[in-house]
Amino acid sequence: MAILAPAPLVQLGLAAASLALMGLGFAVTMTARRMRTQSDLVMQAVASFIEKDGSPSFVCTMDGEVVRANAAARKMFSTRRGETLAGTLRNTFANPGGIIFRLQTAAKSEDGAAREDIVTRKGYMRLAVHALEGERQLWRLEAVADTGQGRGSDGPSLPMVMIGRTGAVLYMNEGARSLIGSRSKSLDAIFDELPPRYGATNQITTSEGQMNVLATKVDAGAGRTAIYLLPPGEGDAQDASATWSSFEDLPVPLVRFSPDGHVRKFNRKGADLIGAELAEGIHISTLMEGLGRPITDWLDETVSGRAVQQSEFLRLKRTDKEMFVQVALNRMTDQDETSIVAVLADATELKTLEAQFVQSQKMQAIGQLAGGVAHDFNNLLTAISGHCDLLLLRHDQGDPDYSDLVQINQNANRAAALVGQLLAFSRKQTLRPEELDLRDTMSDLTHLLNRLVGEKVRLSLSHDPVLKPIRADKRQLEQVLMNLVVNARDAMPDGGEIEIETECVTLKEPLERDRVTVPVGDYVCLRVIDAGMGIPADKLQKVFEPFYTTKRTGEGTGLGLSTAYGIVKQTGGFIFVDSTLGEGTCFSIMFPVLERNASTPVKAPKIEAKVEPKHGDGVILLVEDEAPVRAFASRALRLRGYTVLEAESAEAALKTLEDESLSVDLFVTDVVMPGKDGPSWVREALKERPEVRVVFVSGYAEDRLNNQQDSIPNSVFLPKPFSLNDLAETVHRQLH
């Protein structure tokens, strides 16, 4: 560039500039390289520091992807580079994604570090996070001393020793270690005589000498056995009443049930926790609820040894206060009599915090989506049903177009009901399980599914002719099916066929796959099969993680499959995925067969007779940013004899009201509009016209307006979509 310049002085200046730019570029490159080198050195130092740590440690990105894992982590979790931390910890914590998000949020506000102690089946685990340079985080997982697992409200845990198939001691809780005085590796270091006599008195060696204990064993699954060391009763230890008397003063709430669920015995702490309703002969279902399926099914599984999860959270049916308990069921045989012993722990505070966290997540993600969609859709429905009402006014029942208009009106009302369900789903709803036949459910849903898949995709159904009933929430089951079908449709952009199959399956042996065990029994299996692109093997384990999606930005939220997974698990079922890259994917759902009828009759909804509104007079200022809605509302009000002034925005409405000679009797305004919203401009207008009454209309839920409506006198709410009569009647009541 300097050589081509005409003058020597200019050439010299350009040459100097070129050298300066080259030097600047070289300096920037070296600085960036030095920063990368420093970052690599920091990472190497952190990796070297944590490598020999006895606790699993991970270095992750801010998105949760594992960059490095120390030897303890690789040994315990078989962690590989590229996996997510939530996926790695999925079998350690019930909700690893929520825990990780909570700690990340706390670390941002607490100088880059946070930790939390979490209760697991294996005891208390502490998960800690520390911020590193270069948008990295260091996570560390360690076991901590038992601070209350399996305890009552104020006492130690029952001494428990966990042994494996060979009889080796795998784990001793705090109560057992305190009793024995040390951590033993074999049973001969605990019991004076082997094998232990279960249900009878055994002599053990403790830190204070020999001691007699009552040994009881419980199958813990996966070849493990839990041995509880209990104080023997007075007199004959094998006598049932004497044996139970040893439980009376234990500081752990205990209740003994018959296999069919009736109370046989309970100790003092159990009575204090459950309340005055606890008495001998009372059925467990009258004391607690919230399992999501019949409690008697859980009891049957415990007696038969088919229970997958021995601990559940239930709600006590106390009349004085709301309480939750963690219930662990154990099978017990005493003098050839089978009983179920329930160990309870107060979980009210835990469930309250969990409910608050789950609700906040659901409201933030699904609520925002549902509210936005419902608002826009309700505007469309208002215009459709409103103009249909106007057409019906000009057609009587003898007109050939009358039946078509009625059909449009009815289907608009059905669409409005669907939007109402969408809004309800974003709030906290109670599950309503009922007896279902999947053939009937699929038949009711087929039309909607065909609309979802579009014209390029075919939907085929295949049912088992002797399909047995299941127990589930119909609305949530439909949500699962829609999510799976939409996922299958998106996997076939060029079209294809989606197969939905149902069949009855009987497992004679436990089915073990994907780190879960399906107990023996009868199941209804539902499969959704597509011939799409398939899922890569390294992505297969992540498909059920919240917010994980392989779709492009804006095409998916990553909530569909995680929602389906949560609903299926809450119903007591199992969901699996099989996929071959380039051939297709099959999602299989297994629901336990319902063995008893528990259907509840549905009450017919009351239909209120609509009152034909009267004509009126008065001046109404109508403020609505949606032109079709504004056109319908203004015509409807003029037909009733009102004078209507229209405004497309809050600013236009305030401009109209600047004319002091203009008399206005009523404001009819939308709540959410571009610029100022409805309550804001109404408060400003009421400063000069305090006597004017107000009707707020909106496609959002009413609770969105409640806080602002309280400060506006003489105002009412009319939800969209509304009919001509709804609008006229509301206006008439406000003016008269």
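Quick caveat, the model's predicted, so the values are computed rather than measured.

### Structural notes on the sheet that holds strand β26 (residues 619–623)
Right, so step 1: Strand order in the open sheet made by the 5 strands is β27-β26-β28-β29-β30, with parallel pairing throughout. Edge strands, defined here as strands with exactly one partner in the open sheet, are β27 (643–647) and β30 (715–719). For this sheet, the mean inter-axis angle between neighbouring strands, taken without regard to orientation, is 20 degrees.
Right, so step 2: As paired elements, strand β28 (residues 666–670) and strand β29 (residues 693–698) share 5 bridges and run parallel to each other. In the strand pairing of β29, L666 is matched with R693.
Right, so step 3: Lying over the sheet, helix α19 (residues 724–735) contacts β26, β28, β29 and β30, oriented at roughly 175 degrees with respect to β30.

### Section: empty space enclosed by the protein
Right, so step 1: Evaluation of the coordinates by the stated rule reveals 5 cavities of 30 Å³ or more.
Right, so step 2: A volume near 140 Å³ is recorded for the largest cavity.
Right, so step 3: Lining the largest cavity are 12 residues; nearest its centre among them are T216, Y228, L230, N330 and V341.
Right, so step 4: The element that contributes the greatest number of residues to the lining of the largest cavity is strand β15 (residues 323–334), accounting for 3 residues.
Right, so step 5: The residue makeup of the lining of the largest cavity, split by class, is 9 nonpolar, 2 polar and 1 charged.

### Re the pairing of β26
Right, so step 1: Here β26 lies mainly inside the structure; 5 of its 5 residues are buried.
Right, so step 2: For β26 and β27, the ladder comprises 5 bridges, and the chain directions are parallel. Across the sheet, V623 pairs through a bridge with A647, a residue of β27.
Right, so step 3: A crossover links β26 with its parallel partner β27, the connecting element being helix α15 (residues 627–639), and its sense is right-handed.

### Regarding helix α12 (residues 474–490)
Right, so step 1: For α12, spanning 17 residues, the distance from its first C-alpha to its last is 24 Å, which sits close to the expected 24 Å at 1.5 Å a residue.
Right, so step 2: Three or more residues of α12 are buried, namely Q476, L477, E478, V480, L481, M482, N483, L484, V485 and A488.

### Some thoughts on the packing of α12 against helix α14 (residues 560–571)
Right, so step 1: Axis separation between α12 and α14 bottoms out at 9 Å; the angle between their running directions is 145 degrees. Like other packed secondary-structure pairs, α12 and α14 cross with a definite hand, here left-handed. Of α14, the residues touching α12 (which contributes Q476, Q479, V480, N483, L484 and N487) are G560, L561, T563, A564, I567 and V568.

### So, a nonpolar patch on the surface
Right, so step 1: Where nonpolar side chains cluster on the molecular surface, the patch consists of V373, F377, L380, I384 and I408 and spans about 430 Å² of accessible area.
Right, so step 2: Among the elements that line the nonpolar patch, the one with the most residues is helix α9 (residues 348–393), at 4 residues.
Right, so step 3: Overall, I384 belongs to the partly exposed group, its relative accessible area being 44%.

### Describing unusual backbone geometry
Right, so step 1: Residue P195 follows L194 across a cis peptide bond; omega there is -5 degrees.
Right, so step 2: By the secondary structure assignment, P195 is in the loop between α5 (174–180) and β8 (201–206).
Right, so step 3: P721 follows K720 through a cis peptide bond whose omega is 0 degrees.
Right, so step 4: When you line up the elements, P721 lands in the loop between β30 and α19.
Right, so step 5: The phi angle at N714 is positive, at roughly 55 degrees, despite the residue not being glycine.
Right, so step 6: Relative to the helices and strands, N714 is located in the loop between α18 (706–709) and β30.

### Considering the environment of V485
Right, so step 1: Relative to the helices and strands, V485 is located in helix α12.
Right, so step 2: Separated by 13 residues in the primary sequence, V485 and I498 place their C-alpha atoms 7.6 Å from one another.

### Re the sheet that holds strand β20 (residues 496–507)
Right, so step 1: Taken in spatial order, the 5 strands line up as β18-β20-β23-β25-β24 in an open sheet, and their pairing is mixed. At either end of the open sheet lies a strand with only one pairing partner, and these are β18 (457–462) and β24 (574–580). The average angle at which neighbouring strand axes cross in this sheet is 20 degrees, direction not considered.
Right, so step 2: Pairing between β20 and strand β23 (residues 521–530): 9 bridges, direction antiparallel. Considered in β23, the bridge of E499 is made with I529.
Right, so step 3: Here helix α11 (residues 438–453) sits on the sheet in contact with β18, β20 and β23, set at roughly 175 degrees to β18.

### What about the packing of aromatic side chains?
Right, so step 1: Per the counting criterion, the structure on display carries 4 aromatic pairs.
Right, so step 2: Ring centres of F58 and F77 lie 6.0 Å apart, and the angle between their planes is 50 degrees; this geometry places the pair in the tilted category. On the criterion of sequence distance, the pair formed by F58 in strand β1 (residues 57–61) and F77 in helix α2 (residues 71–77) is long-range, its members being 19 residues apart. Accessibility classification places F58 together with F77 in one group, the buried group.

### Here's the deal with the side chain of R527
Right, so step 1: In this fold, R527 is placed in strand β23.
Right, so step 2: Here E503 takes part through its side chain, which lies 2.6 Å from a polar atom of the side chain of R527.
Right, so step 3: Those residues within four positions of R527 in sequence are excluded, and the remaining contacts are E499, I500, E501, E503, C586, F587 and S588.

### Observations regarding the environment of P56
Right, so step 1: Residue placement: P56 occurs in the loop between α1 (8–51) and β1.
Right, so step 2: What makes P56 buried here is its relative accessible area of 5%.
Right, so step 3: For the pair P56 and A71, spaced 15 residues apart in the sequence, the C-alpha separation amounts to 7.4 Å.
Right, so step 4: In contact with P56, other than residues within four places in its own chain, are N70, A72, A73, M76, F77, W139, R140 and L141.

Quick notes on the rules
- Throughout this document, residue positions are counted from 1 along each chain, in the order its sequence is written.
- Given that the model is predicted, a residue must reach a pLDDT of at least 70 before its local features are reported, and side-chain atom pairs must reach 80 or more before they are shown or counted; all residues, however, enter totals for whole chains, interfaces and linings.
- Side-chain numbers here rest on the full set of heavy atoms in the structure, without hydrogens or water.
- At least two DSSP bridges between two strands are needed for those strands to be called paired.
- Numbering of helices and strands runs from the N terminus; a helix is a DSSP stretch of H or I covering at least four residues, while a strand is a stretch of E covering at least two.
- Axes, fitted as lines to C-alpha atoms, cover a helix only where it is in contact. Angles between the N-to-C directions of the axes lie from 0 to 180 degrees.
- Contacts were defined at the residue level, with two residues in contact if any of their heavy atoms lie within 4.5 Å.
- Cavity means a closed set of points on a 1 Å grid over the protein atoms alone, one where a 1.4 Å probe fits but cannot get out, pocket means an open set with protein on both sides within 12 Å along at least 5 of 7 lines, and lining means a residue has an atom within 4 Å of a point.
- Grid points are joined across faces, edges and corners, and a volume is the space filled by probe spheres set on the points.
- The classification used treats Ala, Val, Leu, Ile, Met, Phe, Trp, Tyr, Cys and Pro as nonpolar, Asp, Glu, Lys and Arg as charged, and all other residues, Gly among them, as polar.
- Partly exposed describes any residue whose relative accessible area lies between the buried limit of under 20% and the exposed limit of over 50%, with all areas from a 1.4 Å probe on protein chains only and scaled to the type maximum.
- Here the term right-handed applies to a crossover when the path leading from its first strand over the helix to its second strand runs clockwise, the strands being oriented away from the viewer.
- The span expected for a helix works out to 1.5 Å for each residue beyond the first.
- In this scheme the handedness of a crossing depends on how the near helix is turned from the far one: anticlockwise by less than a right angle means left-handed, clockwise means right-handed.
- Like-charged residues are merged into a patch within 9 Å and nonpolar side chains (Val, Leu, Ile, Met, Phe, Trp, Tyr) within 5 Å, provided each residue has over 30% relative accessible area and no salt bridge.
- To be clear on the numbers: accessible area is Shrake-Rupley with a 1.4 Å probe, and residue cover counts the displayed protein chains and nothing else.
- One side-chain nitrogen of Lys or Arg within 4 Å of one carboxyl oxygen of Asp or Glu is enough to make a salt bridge.
- By convention, a stacked pair of Phe, Tyr or Trp rings (six-membered ring in the case of Trp) has centres within 6.5 Å and planes under 30 degrees apart, an edge-to-face pair has planes over 60 apart, and any other such pair is tilted.
- The definition of a polar contact used here is a pair of N or O atoms within 3.5 Å, where within protein one atom must be able to donate a hydrogen and the other to accept one, and adjacent residues in sequence count solely through side-chain atom pairs.

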